[in-house]
Amino acid sequence: MYKVKVYITLRESVLDPQGSAVKQALHSMEFKSVEDVRVGKYMELTLPSSVENVEAAVEEMCHRLLANPVIEDYRYEIEESVAQ
Amino acid sequence: MKFAVIVFPGSNCDIDMYHAIKDEIGEEVEYVWHDADTLENYDAILLPGGFSYGDYLRSGAIARFSNVMKEVVKAAEQGKPVLGVCNGFQILLETGLLPGAMRRNDSLKFICKTVPLTVENNETMFTNGYVKNEVIQIPIAHGEGNYFCDEETMSNLKENNQIVFTYSDENPNGSVENIAGITNVAGNVLGMMPHPERAMDTLLGSEDGKKLFQSIVKHWREKYVVNA
C-alpha cells in the first residue's frame, strides 16, 4: 500500500484572509508573538502497491485537481507500507 | 434561439436562470443535467450559480470534471456563447476556459446585496445592449468572489479588452482591479460574479440584467437569422 500525504497552501504571493483572521484570534489569546499564519489543506490518499509510476500519478492528481496552481502550492510525501 | 441551463448537483440559481430566459426574454430554454453527452442542440450555454458538489475542495473544482464539461469546452471552441455566473464563473476558471482563480472574499464574509457595476466593454456578444461606462445595478451573493490573476495575465486581459464588468463604488470582495466579469480572448465565454438573472424585474429591485440576455439573442439573430 502507498499512503500519500498531500499538503496544499496558498502561494506566498497570495493574500490569505483566513490565515489573517486566525492570527488575530491567536493575538487576542495573548499569543502576540505569532507573526504570520497561513491556512492550508491536508489530504491523505491510499493507493494499492500495484500502481505504477505512483509519483507521476500523484503529481498529476495534485496539479490537475487537488491544488489550483494559479494560487496554490503543493507538496506530498509518499510512504510505502507492507501489508501485515 | 435555444438556451441550455447546465444543472450540477448543488446548483441553486438554475431556476432563476431558466425563468429569466423563458419568462422574461421569451426564448427556448431547457435544463441539462451534468452527465449529458451532448450540447449540439443548443445555441447558448448557461452555467448557473450555486454550490456545485458542495464547493468541496474548491469552488468549481469538482464540477470541472463533470461529463458535460467536455461538451461545454467543445461549445466554447465552436464559438457559441457560454455564460458562467457566480459558481458558473468559478467552474469556467477551474476548467481553464477563462484565466485566473477565485479566492475567499477578503472580508471572509458572504456578501449578498445589489452593487453598481460599470460596463467596461460593450462590444461583446453579451453586452452590445449596454452603453460603454454605463452603471448598472446587479446583485451579488458569494463568499468566494475575490478574482485573482498574475500580472502577465492581467496585462493580457487589458490588452485584449477582456475585462467586461468592474465594481463601480466599493470593491465588495477584494478582486484585482475591481474585476466583476471577464471574457476569453475570442469573446464568446463570459464569467461574472454578479447575477444578471436576478435583475430581471424592477419589482425585485432591478431589471438591468435583461440587456445581457437580450444582447446574446440580438447577436445570435444577427449572425444566424438575418443572413439566413
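Above this text is the structure in question.
Throughout, a residue's number is its position along its own chain's written sequence, starting from 1. Written order decides the labels, with chains lettered from A and ligands numbered from 1. Per-residue local features of the predicted model are confined to residues with pLDDT of at least 70, and side-chain atom pairs are confined, for both listing and counting, to 80 or more; whole-chain, interface and lining totals are unaffected and use all residues. Side-chain descriptors were evaluated using all non-hydrogen atoms of the structure, hydrogens and water having been removed beforehand.

## Some remarks on the overall build of chain A
Here is step 1 of the chain: Along chain A, the regular secondary structure elements total two helices and three strands.
Here is step 2 of the chain: We count a stretch as a helix when DSSP gives it H or I for four or more residues in a row; a strand needs E for two or more, and each element gets its number in order from the N terminus. Overall, chain A shows an N-to-C arrangement of helices and strands of β-α-β-α-β.
Here is step 3 of the chain: Restricting the calculation to C-alpha atoms gives the radius of gyration, and the globule rule supplies 2.2 Å times the number of residues raised to the power 0.38. Taking 2.2 N^0.38 as the reference for a compact globule, 84 residues should give roughly 12 Å; the C-alpha atoms of chain A span a radius of gyration of 17 Å, well beyond that estimate.
Here is step 4 of the chain: A principal-axis box enclosing the C-alpha atoms of chain A has dimensions of 50 × 35 × 15 Å.
Here is step 5 of the chain: Across the 84 residues in chain A, those meeting the buried criterion constitute 25%.
Here is step 6 of the chain: All accessible-area figures derive from a Shrake-Rupley calculation using a 1.4 Å probe, and residue coverage is judged against the displayed protein chains alone. For chain A, the accessible area works out to roughly 5,600 Å², and carbon and sulfur atoms hold 53% of it.
Here is step 7 of the chain: We count Lys and Arg on the positive side and Asp and Glu on the negative side, and we leave His and both chain ends out. Every charge is mapped onto a representative atom, which is NZ of Lys, CZ of Arg, CG of Asp or CD of Glu. The averaged location of the 15 negative side-chain charges in chain A is 6 Å from the averaged location of its 9 positive side-chain charges. For every residue, the accessible area obtained with a 1.4 Å probe (protein chains only) is divided by the maximum for its type, and the residue is called buried under 20%, exposed over 50%, and partly exposed between those limits.

## A closer look at a negative patch on the surface
Residues and elements named next belong to chain A.
Here is step 1 of the chain: On the surface, Glu12, Glu35, Asp36 and Asp73 cluster together into a patch of negative charge.
Here is step 2 of the chain: Inspection of the secondary structure puts Glu12 in the loop between β1 (2-10) and α1 (17-28).
Here is step 3 of the chain: Judged by relative accessible area, which is 64%, Glu12 ranks as exposed. The patch calculation keeps residues exceeding 30% relative accessible area without a salt bridge and links them within 9 Å when they carry like charges or within 5 Å when they are nonpolar (Val, Leu, Ile, Met, Phe, Trp, Tyr). Any Lys or Arg side-chain nitrogen located within 4 Å of an Asp or Glu carboxyl oxygen qualifies as a salt bridge.

## Focus: the environment of Pro116(B)
Residues and elements named next belong to chain B.
Here is step 1 of the chain: Among the secondary structure elements, Pro116 is positioned in strand β6 (residues 111-119).
Here is step 2 of the chain: Classification of Pro116 as buried rests on a relative accessible area of 17%.
Here is step 3 of the chain: Contacts: residue pairs with any heavy atoms within 4.5 Å of one another. Sequence-distant contacts of Pro116, defined by excluding residues within four places in its chain, comprise Val135, Ile136, Gln137, Thr166, Tyr167, Ser168 and Asp169.

## What to know about helix α2 (residues 54-66) of chain A
All names here are of chain A.
Here is step 1 of the chain: In this model α2 runs just 16 Å from its N-terminal to its C-terminal C-alpha over 13 residues, more than 12% under the 18 Å that 1.5 Å per residue would give.
Here is step 2 of the chain: Of all the residues in α2, the buried ones are Val54, Val58, Cys62 and Leu66. The buried side chains of α2 occupy one side of the element, clustering within an arc of 75° when seen end-on.
Here is step 3 of the chain: Where α2 is buried, its residues contact β1, β2 (40-47) and β3 (72-80). Here the expected length of a helix is defined as 1.5 Å per residue gap, with one fewer gap than residues. This arc describes the spread of directions from the helix axis toward the C-beta atoms.

Any functional reading would require information beyond the geometric quantities listed.
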